[in-house]
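Now for the letters of each chain:
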Amino acid sequence: VQLQASGGGLVQAGGSLTLSCAASESIERFVGMGWYRQAPGKQRDLVAGILRSGDTIYSDSVKGRFSISRDNARNTVYLRMNSLESEDTAVYYCNARGVLDYWGQGTLVTVSS
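Here's what I pulled together on the structure shown here. Because the structure is a prediction, the values reported are computed rather than measured.

A look at the side chain of R37
Here R37 shows up in strand β4 (residues 32-38). A polar contact is formed between the side chain of R37 and the side chain of Y92, at a distance of 2.9 Å. Non-local contacts of R37, meaning those with residues more than four positions away in its chain, are made with Q43, R44, D45, V47, S61, V62, F66, E87, D88, A90, V91 and Y92.

Pasting the structure below:
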């Protein structure tokens, strides 16, 4: 499975970005899809996840600001990020979880204060 993440970039604090993760095959085969992020010198942490059922989960730091969604027809998962803060600066990775974990290549989000 290939996961292609896109949509990162440079944005001012308070701004918005939408990340996309396009899968090379049906995302419905996976138990869940998620977005993780890794800031310099820190571990990779879950930001948001969406299950096959449509249920979602968010880290406390992004609740109310980020929204994850999926388009099964397009085999794509999105992460809408609003009210971005400098602490959101990181490389964002797309993940597909089934029997195995699959990872995208990462897309850099830089929030300037």
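Topic: the environment of A13
For A13, the position within the fold is in the loop between β2 (9-12) and β3 (17-23). In the structure, A13 is positioned 74 residues away from E87 in sequence and 9.6 Å away in space, judged by C-alpha atoms. Once residues lying within four places of it in the same chain are set aside, the contact partners of A13 are L84, V111, S112 and S113.

As for the packing of aromatic side chains
Per the stated rule, a full pass over the model turns up two aromatic pairs. Considering the side-chain rings of F30 and Y102, the 5.8 Å spacing of their centres and the 65 degrees angle between planes classify their relative orientation as edge-to-face. With F30 in the loop between β3 and β4 and Y102 in strand β10 (residues 101-103), this residue pair connects regions lying 72 residues apart in the sequence.

A word on unusual backbone geometry
A positive phi is found at N75, a non-glycine position, where the angle reads about 50 degrees. Since its relative accessible area comes to 17%, N75 is described here as buried. The phi dihedral of S83 falls on the positive side, at around 50 degrees, and the residue is not glycine. Turning to its location among the elements, S83 is positioned in the loop between β8 (76-81) and β9 (90-97).

Section: the pairing of β8
In terms of strand pairing, β3 meets β8 through six bridges, oriented antiparallel. Each residue of the ladder has a partner; that of A22, found in β8, is T76. Adjacent in sequence and paired antiparallel, strand β7 (residues 66-71) and β8 are bridged by four residues, among which N75 carries a positive phi angle near 50 degrees.

Remarks on the pairing of β4
Across the seven residues of β4, six count as buried, placing the element largely inside the fold. Pairing analysis gives six bridges linking β4 to strand β5 (residues 45-51), with the strands arranged antiparallel. Across the sheet, residue R37 finds its bridge partner in β5, namely D45. Relative to β9, β4 runs antiparallel, the two sharing seven bridges. Residue pairing in the sheet places G34 in a bridge with N95 of β9.

The rules behind each value
- Residues numbered from 1 in each chain as written.
- Predicted model: local features only at pLDDT ≥ 70, side-chain atom pairs only at ≥ 80, totals over all residues.
- Heavy atoms only, no water.
- Helix = DSSP H or I, 4+ residues; strand = E, 2+ residues; numbered from the N terminus.
- Polar contact = N/O pair within 3.5 Å; in protein donor to acceptor, adjacent residues only side chain to side chain.
- Contact = heavy atoms within 4.5 Å.
- Phe/Tyr/Trp six-rings, centres within 6.5 Å; stacked < 30°, edge-to-face > 60°.
- Buried < 20%, exposed > 50% of the residue type's maximum accessible area, 1.4 Å probe, protein only.
- Pairing = 2+ DSSP bridges.

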